[in-house]
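Residue strings, one per chain:
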Amino acid sequence: MILTTFKWNVHTQGRSAMWKYSAEIVHTNPLFISPITAKKMGLTSGDEVEVTVKRPKGLTYRGGIDENVSVFRNTIRVLNGVHERVLCFGHGAGHWQQGSVSKGENRISMPKEGFDGEKSPHLHDEIWWSKEQGGTGNGVPMNDNLPINPSPLVGGQNWFDSICKVRKV
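Participant: Please set out the overall build of the protein residue by residue, giving values where relevant.
Facilitator: Assigned secondary structure in the protein consists of three helices and six strands. Secondary structure of the protein in N-to-C order comes out as β-α-β-α-β-β-β-α-β. Within the protein, the fraction of its 169 residues that count as buried is 40%. A separation threshold of at least 6 residues defines the contact pool for the protein, and within that pool the share at least 24 residues apart is 69%. For the protein, the exposed area adds up to about 10000 Å²; of that, 53% sits on carbon and sulfur atoms.

Here's what the structure looks like:
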C-alpha cells in the first residue's frame, strides 16, 4: 500500500499540539483506509493494525525496497473517498514533549522556560482524551515512522508516497 500524509485544518503540523482547544478537536491520528480494502482485510473502524514502512528504491536511496524503515501499530478508521491502495496518516499527533495537552496526559502543566506565569492547574483532569480517562490518547508519532526520502527534483521530504505493508493485529 501507499502511506500518505495530510495536515489537519486545526493544526500547524506539530507546532500546535499544545493548543488545548485545537487538541480537543484533533488529538489523535488513526489511519484512514478505504471501505473496500477494510472489507477485504476484515477490518472495521477502531481495529488495530501493524504497518511496516519500507525504504524506497531509486535515485535518493540506494537501498532495496525490502529494507524496513519502521514498524508501528495504530488504529484505523474506515473512510469513504480513500483509494483502495492508500493508507492516510495525519500530522499533529503522537507527541512525547510540549506539555500535558500534546502528550494527552492529565497532569498539572509546568510553565515554559522563561515564562513567569503560574502552573496551569486548569488542565488537570480536563484532558478527556487521555488514556488515564479511558480516551484514545494522543496518537502515534508520524515522523519517526517515515523514511528520510528527499525528492530528486527539489530536495524536500517526500511525505506522500511511502510504501508499506499492513496487517490486522
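Participant: Give me the lowdown on the sheet that holds strand β5 (residues 86-90), citing residues and values where you can.
Facilitator: Within the closed barrel, the six strands sit side by side as β1-β5-β2-β4-β3-β6. Their pairing is mixed. Neighbour to neighbour, the strand axes of the sheet diverge by 45° on average, direction disregarded. Bridge count between strand β2 (residues 31-33) and β5: two bridges; the pairing is antiparallel. Bridge pairing in β5 links I33 to L87.

Participant: Go over the nonpolar core with me, naming the residues and quoting the values.
Facilitator: Counting 17 residues, the largest nonpolar core has L3, L31, V51 and L87 as its most contacted members. Sorting elements by how many residues they give to this core places strand β3 (residues 48-54) first, with three residues. Residues in contact with V51, not counting those within four places in the same chain, are L31, S70, V71, F72, L87, C164, K165 and V166.

Participant: Talk me through the side chain of N29; I want residue IDs and the actual numbers.
Facilitator: Relative to the elements of secondary structure, N29 occurs in the loop between α1 (20-25) and β2. A polar contact of 2.9 Å, which involves the side chain of N29, links it to the backbone oxygen of V140. If we ignore the near neighbours within four places in the chain, the residues touching N29 are N74, F89, G90, A93, G139 and V140.

Participant: Would you mind going over the pattern of salt bridges in detail, with residue names and values included?
Facilitator: By the definition in use, this model includes eight salt bridges. Among the ionic pairs, K168 bridges to D47, the shortest N-O distance being 3.9 Å. Taken together, the positions of K168 in strand β6 (residues 162-168) and D47 in the loop between α2 (35-41) and β3 put the pair 121 residues apart, joining distant regions of the chain. With its nearest N and O atoms 3.1 Å apart, the salt bridge here joins R167 to E50. Of this pair, R167 sits in strand β6 while E50 sits in strand β3, and the two are 117 residues apart along the sequence. R167 gets classed as partly exposed once you look at its relative accessible area, which sits at 42%. One connected set of salt bridges, linked through shared partners, spans E48, E50, R73 and R167.

Participant: Please set out the pairing of strand β4 (residues 68-78) residue by residue, giving values where relevant.
Facilitator: Both β2 and β4 contribute to a ladder of three bridges, which runs parallel. Among the inter-strand pairings, F32 is bridged to a residue of β4, identified as R77. As defined by bridge partners, β3 adjoins β4 across seven bridges and the pair is classed as antiparallel. In the strand pairing of β4, V51 is matched with F72.

Participant: How would you explain the confidence of the model for the protein if you had to name every residue and give the values?
Facilitator: Predicted confidence across the protein gives a mean pLDDT of 81, with 82% of residues reaching 70 or more. The weakest mean pLDDT in the protein belongs to helix α3 (residues 99-103) at 81; the strongest belongs to α2 at 98.

Participant: I'd like to hear about the packing of aromatic side chains, residue by residue, with values.
Facilitator: Taken as a whole, this structure holds five aromatic pairs when the rule is applied. With 6.0 Å between their ring centres and 85° between their planes, W8 and F32 make a pair best called edge-to-face. On the criterion of sequence distance, the pair formed by W8 in the loop between β1 (2-6) and α1 and F32 in strand β2 is long-range, its members being 24 residues apart. Classification of W8 as partly exposed rests on a relative accessible area of 22%. Between F72 and F89, the ring centres sit 5.2 Å apart and the planes meet at 10°, which makes this aromatic pair stacked. Pair noted here: F72 is in strand β4 and F89 is in strand β5, with a separation of 17 residues, a long-range link. Aromatic ring contacts, followed pair by pair, group F6, W8 and F32 into a single cluster.

Quick notes on the rules
- Residues numbered from 1 in each chain as written.
- Predicted model: local features only at pLDDT ≥ 70, side-chain atom pairs only at ≥ 80, totals over all residues.
- Heavy atoms only, no water.
- Helix = DSSP H or I, 4+ residues; strand = E, 2+ residues; numbered from the N terminus.
- Buried < 20%, exposed > 50% of the residue type's maximum accessible area, 1.4 Å probe, protein only.
- Contact = heavy atoms within 4.5 Å.
- Areas by Shrake-Rupley, 256 points an atom, 1.4 Å probe, with all protein chains shown as cover.
- Pairing = 2+ DSSP bridges.
- Axes fitted to C-alpha atoms, helices over the stretch in contact; angles between N-to-C directions.
- Core = buried A, V, L, I, M, F, W, Y, C linked by side-chain atoms within 4.5 Å.
- Polar contact = N/O pair within 3.5 Å; in protein donor to acceptor, adjacent residues only side chain to side chain.
- Salt bridge = Lys/Arg side-chain N within 4 Å of Asp/Glu carboxyl O.
- pLDDT = per-residue confidence, 0-100.
- Phe/Tyr/Trp six-rings, centres within 6.5 Å; stacked < 30°, edge-to-face > 60°.

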